[in-house]
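Understanding the architecture of this molecule
Here's the letter readout for the chains.
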Amino acid sequence: MTEASTIAVGAETSAPAGHDEARSLTSDAWRSLKKNPIFWVSMALIVAFLLMAVWPSLFTNVDPAEAVLKQARERPSANAWFGRDIQGYDIYSRTIYGARASILVGVFASIATVLIGGAMGVIAGYYGGWLDAVVSRVTDIFFAIPLLLGGILFMATFPNDVDSPYLLVVGKVVLVLSIFGWPGLARLMRSSVLQVKPNDYVQAARALGATPWRIIRAHVLPNALAPMIVVATINLGVFISVEATLSFLGIGLTPPAISWGVAISDAIVALRTTPHILLFPSLFLSLAVLAFIMLGDAVRDAFDPKSR
Amino acid sequence: MAEAILTATDLVKYYPIKGGVLRRKVGDVKAVDGVSFELLKGETLGIVGESGCGKSTLGRLLMRLEEPTSGSVVFDGVDMYAQKGRAMRKLRRDIQIVFQDPYTSLNPRKTVGDIVGEPFDIHPDVVPRKGRRKAVQDLLDLVGLNPEHINRYPHQFSGGQRQRIGIARGIALNPKVLICDEPVSALDVSVQAQVVNLMEKLQDELGLSYIFIAHDLSVVRHISDRVGVMYLGKMAELGEEDDIYGRPTHPYTQALLSAVPVPDPTLRDKKEQIVLKGDVPSPANPPSGCRFHTRCWKAQDKCKTDIPLLELRPDGAGEHLSACHFAQPREIIETIDVSDLADGDLDTGRRDTASLEPVGDGPADS
Amino acid sequence: MTTSETMARESAKSSGQTYKPQDGLLLEVEDLHVEFHTPDGIARAINGVNFDLFEGQTLAILGESGSGKSVTAQAIMGILDMPPAVIPKGQIRYCGQDLLTMPDEQRRRTRGPEISMVFQDALSSLNPVFPVGWQIAEMFRVHRGMNKSDALERAVKLMQRVQIPAAKERVGAYPHQFSGGMRQRIMIAMAIALDPAVLIADEPTTALDVTVQAQIMALLQELQEERQMGLILITHDLGVVANVADKIAVMYAGRIVERADVYDLYRQPGHPYTKGLLESIPRLDQKGQQLAAIGGLPPNLMRIPEGCAFNPRCKFAQDVCREDRPALLEVAPGRESACHFAEEVLHG
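Because the structure is a prediction, the values reported are computed rather than measured.

This part covers the overall build of chain B. Within chain B one finds ten helices and 13 strands. The C-alpha atoms of chain B give a radius of gyration of 22 Å, which matches the 21 Å a tight globule of 366 residues would have. The principal-axis extents of the C-alpha atoms in chain B amount to approximately 65 × 60 × 45 Å. Of the contacts made within chain B by residues no fewer than 6 positions apart, 64% connect residues no fewer than 24 positions apart. Surface exposure of chain B reaches about 14,800 Å², of which carbon and sulfur atoms provide 48%.

If you want it as structure tokens, here you go:
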């Protein structure tokens, strides 16, 4: 530096050394996610379950609806890997096919709650005033009803017919989970919007004359989304278990539909003598729930700057 | 005298305090309570005051980030608070802001290019889409950043560099007025001067008018042509830089000036210090009459009942605006004019070394 | 001040351990190094710091963020989080005894009665769920084994000493019921409660308004004179330093680059960094001033430049500065500078 630096206005050209390429917060999060083994384990499980849901025939060519009554309650063997259940169905095949119901319910209920809860949360947090008051009171009301109780009440009030189509029943379960699941996300979203809103970059955009929609889209949402994504991922696991519970109670999916909850329910009667019938569907159910919860945890760790 | 670009008249901003179960209004925080001033073309008006005096609220009112409770701002002949929709958006081009905290003023998920280019996205007719990248790079260059860093993210820059990014965004639309809300107070000492110099350079090159809000009286003196001193939502004194620093007539200004530590140990015992009693009262329940009377050593009964008006009062060498019933000039600090010194022998105009006090080491000293 | 006298007599402190300064020498910091081991690498926060502190002396440690000034204070107090911090080398001797090698229990007992600290942020340093009087009294109960009512009475006296109006009535009030300046007074009261020999004030007035800052600095000075404490004032504010310090140590990138008497340093800085700082701050008593900013940025502590850490920003820098790290050497009686061109800086 020479004499010219006495009035130095343009001298600060070097960035804090070392960071040569552009690094966004998202790419930082991704880098730390990549190093986390829990992330990879949960992703592997989730990919496996997704494949089961979409192409069950990839995993088995045994027809899950084919009952071999005389082999009922058979223990695991070379031709029926997980054994056979009370009706003589192949448990392996039925467990694979059962993934579809769980994944469908989990994924769609999560998408629906994110859309409804996210929108409500943004409206309440960003606009405030009476809109906030209304949304907050509504979420309070829904909050008072536990998810499972709400599900039971709803499904008991609108029971399934024996011949209701599969998708209608799945749709009903998704609907009830969405109705009772969005308030949690709305609250979460509202509070993160409230945290983001006072930041000067939001004020700067207002000062530039940006429309509310632009501010929400460009500034508020990208900075407020992370906690909701984490919780929505964890919720996905919760929804899967609630679906199984409803089916177990006989008010969600009912036979002949194939689902882990139905399988567990059927297995209970033979619990003492042939526990393997219960073991495999419950194991898959637990793994699926666990996988989503682990993924949520891993994502949270990656987005939380304090852990980095 | 240059003409005014912005005229604020009787600006008032009260924030309601709600209490009780029914969230009824139980009072007001009187953040800004009747402030009037003019900003002239090309000048820098400094606004100083301690925390809670309303200076930041004033800045937000001038930006119309808040709606005033009453009062008006006329910007370039247009009544700002009467504008709506498109007209208001157009007006916003001409008046921009630089924030205090370089860490919260930039969206962490946007690149520098997105941040500095956002003004062009919002006002697409300013620069054609094709020319925007170039325009952003020119702006980065202008504020002393490497134009090649356009794709980096804010967290890859230091505080001073981030403040430059914030300034680049502020001047992107070529505004007429830039409101600077404590733009250097979050920066390190050695970086502060860089940013202050940059702001002075930009003012010269772009003909900007600044409203420079700060609590640091030294920085404000350095950059301002005129200075307003605020106390509890009111303007206590307003005048030319020399009037305020050389011939302050309001007791609060005098106390404030006397409290500023000057980086010169030889002034230790020579500088008179007025120690004020107590703390600034709450703006939710400001004192009656003159708001300063609870801490003022000159206060009389009149001060408790009559609100002193901000009007021209004699200061010994002329007159300037002051809001004190008993306004009287008092020299607090001896000013040295160093503007004649050439850049080269910039020796901070230090005092005659012969007059130095004996130097002690240890307990006996001071 | 009678309260302080009684306290001083009580100084046969409950720990049993006594510390006696030799010729007024309270604290010696010798070749102190502190590193932070982070996932991204090792940040060398302090790289060989030396200084002494005498009774009744005010030493200002001046530096910007990242200079290591606060880490130095935390190392002396023993409140660094280890890990990530590591002290690979160095000594901090209090009355001749090395604090770093002392057993933990013994060291803990020095905090409060021997060395204590005032922090920048009084609000987060006070526990919000207990009354302030209770928090001050806690010091007496824990360290002196006083009973509740005696301790509380003593707390009231201390609150009066730090000029908190209506101390008796407000002893039961909670931290949030006080203003920033009053909270800082309470922090000071807690820090001096056990009559320490060394008081470290880490940016004690940075969060305060200027009129309140003046009150707090005056109070600190008064207490220091009254009790003959050694005061280490850690700050970035050249104005505050000029008003209260006896000696100054200027830190840059974890080293002391200049150490001098306050009058000498302001009259004639002996290091380009100090000189740059003095020339870059606007002064209240000058008009028409040109600010000569220091170019560039403070270094990243993970990649401190070779040679003199300041060389990339220094207008005196030559090849030697990029290769050789200058030692802190005496350049004039009573003053030291770590610069190859200290002579030129001093007289140039």
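All right, on to unusual backbone geometry then. Positive phi values are uncommon outside glycine, yet Asp10(B) reaches one of about 50°. Position of Asp10(B) relative to the elements: it lies in strand E1 (residues 4-19). The backbone of Gln228(C) shows a phi angle near 55°, a positive value even though the residue is not glycine. Tracing the chain through its elements places Gln228(C) in the loop between helix H9 (210-227) and strand E8 (230-235). Since its relative accessible area comes to 35%, Gln228(C) is described here as partly exposed.

Another point: the packing of aromatic side chains. Centre-to-centre distance and the angle between the planes together describe a pair of aromatic rings. On inspection of all chains with the given rule, the structure shows 16 aromatic pairs over all chains. Residues Tyr126(A) and Tyr127(A) carry aromatic rings whose centres are separated by 5.2 Å and whose planes lie at 85° to one another, so their mutual orientation is edge-to-face. Given a relative accessible area of 46%, Tyr127(A) falls into the partly exposed group. Taken together, a centroid distance of 5.1 Å and an interplanar angle of 85° make the contact between Tyr231(B) and Phe292(B) edge-to-face. Highlighted residues: Tyr231(B) in strand E9 (residues 226-231) and Phe292(B) in the loop between helix H9 (251-259) and helix H10 (301-305), separated in sequence by 61 residues. According to the relative accessible area criterion, Tyr231(B) is buried, its value standing at 5%. On the basis of relative accessible area, Phe292(B) is assigned to the buried category, the value being 2%. Members of the aromatic cluster, joined through ring pairs, are Trp30(A), Phe39(A) and Trp40(A). The residue whose ring lies beneath Arg94(A) is Tyr89(A), and the NZ or CZ to ring-centre distance is 4.0 Å. Above the plane of the ring of Phe326(B) lies Lys302(B), whose end atom (NZ or CZ) is 6.0 Å from the centre.

To continue, consider the UniProt feature "transmembrane region" (unreviewed entry) in chain A. The positions that UniProt labels "transmembrane region" (unreviewed entry) are, in the present scheme, residues 38-58, 103-129, 141-159, 165-185, 224-242, 248-271 and 278-299 of chain A. As annotated, residues 38-58 of chain A has a helix share of 81% and a strand share of 0%, and its two end C-alpha atoms lie 26 Å apart.

This paragraph deals with the pattern of salt bridges. When charged atoms on two side chains of opposite charge get close, those side chains can pair. Enumeration according to the criterion identifies 44 salt bridges over all chains in this entry. Ionic pairing is found between Lys41(B) and Glu3(B), a salt bridge with its closest N-O pair at 3.6 Å. Placement of Lys41(B) in the loop between strand E2 (24-40) and strand E3 (44-48) and of Glu3(B) in the segment before E1 is noted, with a sequence separation of 38 residues between them. The exposed category is assigned to Glu3(B), whose relative accessible area is 52%. Put simply, Asp319(C) and Arg322(C) hold a salt bridge, and the shortest N to O gap is 3.4 Å. Taken together, the residues span about one helical turn, with Asp319(C) and Arg322(C) both in helix H13 (residues 319-323) at a distance of three residues. We classify Asp319(C) as exposed; its relative accessible area is 52%.

Here helix H5 (residues 159-171) of chain B contains 13 residues, and its C-alpha end-to-end distance of 19 Å stays within 8% of the 18 Å for a straight helix at 1.5 Å per residue. The buried count for H5(B) comes to 13 of 13 residues, which makes it a mostly enclosed element.

So, on to the sheet that holds strand E4 (residues 70-75) of chain B. All names here are of chain B. The four strands are arranged E2-E1-E4-E5 in an open sheet whose pairing can be described as antiparallel. Each end of this open sheet is capped by a strand with a single partner; those strands are E2 and strand E5 (78-79). Where E1 and E2 come together, 13 bridges link them in antiparallel fashion. Its bridge partner being in E2, proline 16 is matched across the sheet by aspartate 28. Against the sheet, helix H1 (residues 55-62) touches E1, E2 and E4, its axis set at about 115° to E1.

Here the focus is the interface of chain C and chain B. Counting residues at the interface gives 56 residues for chain C, matched by 63 residues for chain B. In total, chain C and chain B occlude about 5,300 Å² of area from one another, counting both sides; carbon and sulfur atoms represent 55% of this. Three residues, Tyr263(C), Leu284(C) and Lys287(C), lead the burial of chain C against chain B; their summed loss comes to 18% of the area buried on that side. Taken together, the links from chain C to chain B amount to one salt bridge. For the salt bridge of Asp264(B) with Arg283(C), the shortest nitrogen-to-oxygen distance reads 3.6 Å.

Paired through their backbone hydrogen bonds, the strands of a sheet run either parallel or antiparallel. Residues and elements named next belong to chain C. On the basis of which strands lie adjacent, the open sheet formed by four strands has the order E2-E1-E4-E5 and antiparallel pairing. Either end of the sheet is taken by a strand with one partner, and the two such strands are strand E2 (41-54) and strand E5 (97-98). In this sheet, strand E4 (residues 85-94) lies alongside strand E1 (residues 25-38) in antiparallel orientation, the contact comprising seven bridges. When the sheet's bridge partners are listed, phenylalanine 36 is paired in E4 with alanine 85. In the packing of helix H2 (residues 69-77) onto the sheet, the strands contacted are E1, E2 and E4, and the crossing angle to E1 comes to about 110°.

Thresholds, definitions, all that
Residues numbered from 1 in each chain as written. Chains lettered and ligands numbered in written order. Predicted model: local features only at pLDDT ≥ 70, side-chain atom pairs only at ≥ 80, totals over all residues. Heavy atoms only, no water. Helix = DSSP H or I, 4+ residues; strand = E, 2+ residues; numbered from the N terminus. Rg over C-alpha atoms; globule rule 2.2 N^0.38 Å. Contact = heavy atoms within 4.5 Å. Areas by Shrake-Rupley, 256 points an atom, 1.4 Å probe, with all protein chains shown as cover. Buried < 20%, exposed > 50% of the residue type's maximum accessible area, 1.4 Å probe, protein only. Phe/Tyr/Trp six-rings, centres within 6.5 Å; stacked < 30°, edge-to-face > 60°. Lys NZ or Arg CZ within 6 Å of the ring centre and 35° of its normal. UniProt positions renumbered as here; feature names shortened; annotations may be inferred. Salt bridge = Lys/Arg side-chain N within 4 Å of Asp/Glu carboxyl O. Expected span 1.5 Å × (residues − 1). Pairing = 2+ DSSP bridges. Axes fitted to C-alpha atoms, helices over the stretch in contact; angles between N-to-C directions. Buried area = accessible area lost by both parts, 1.4 Å probe.

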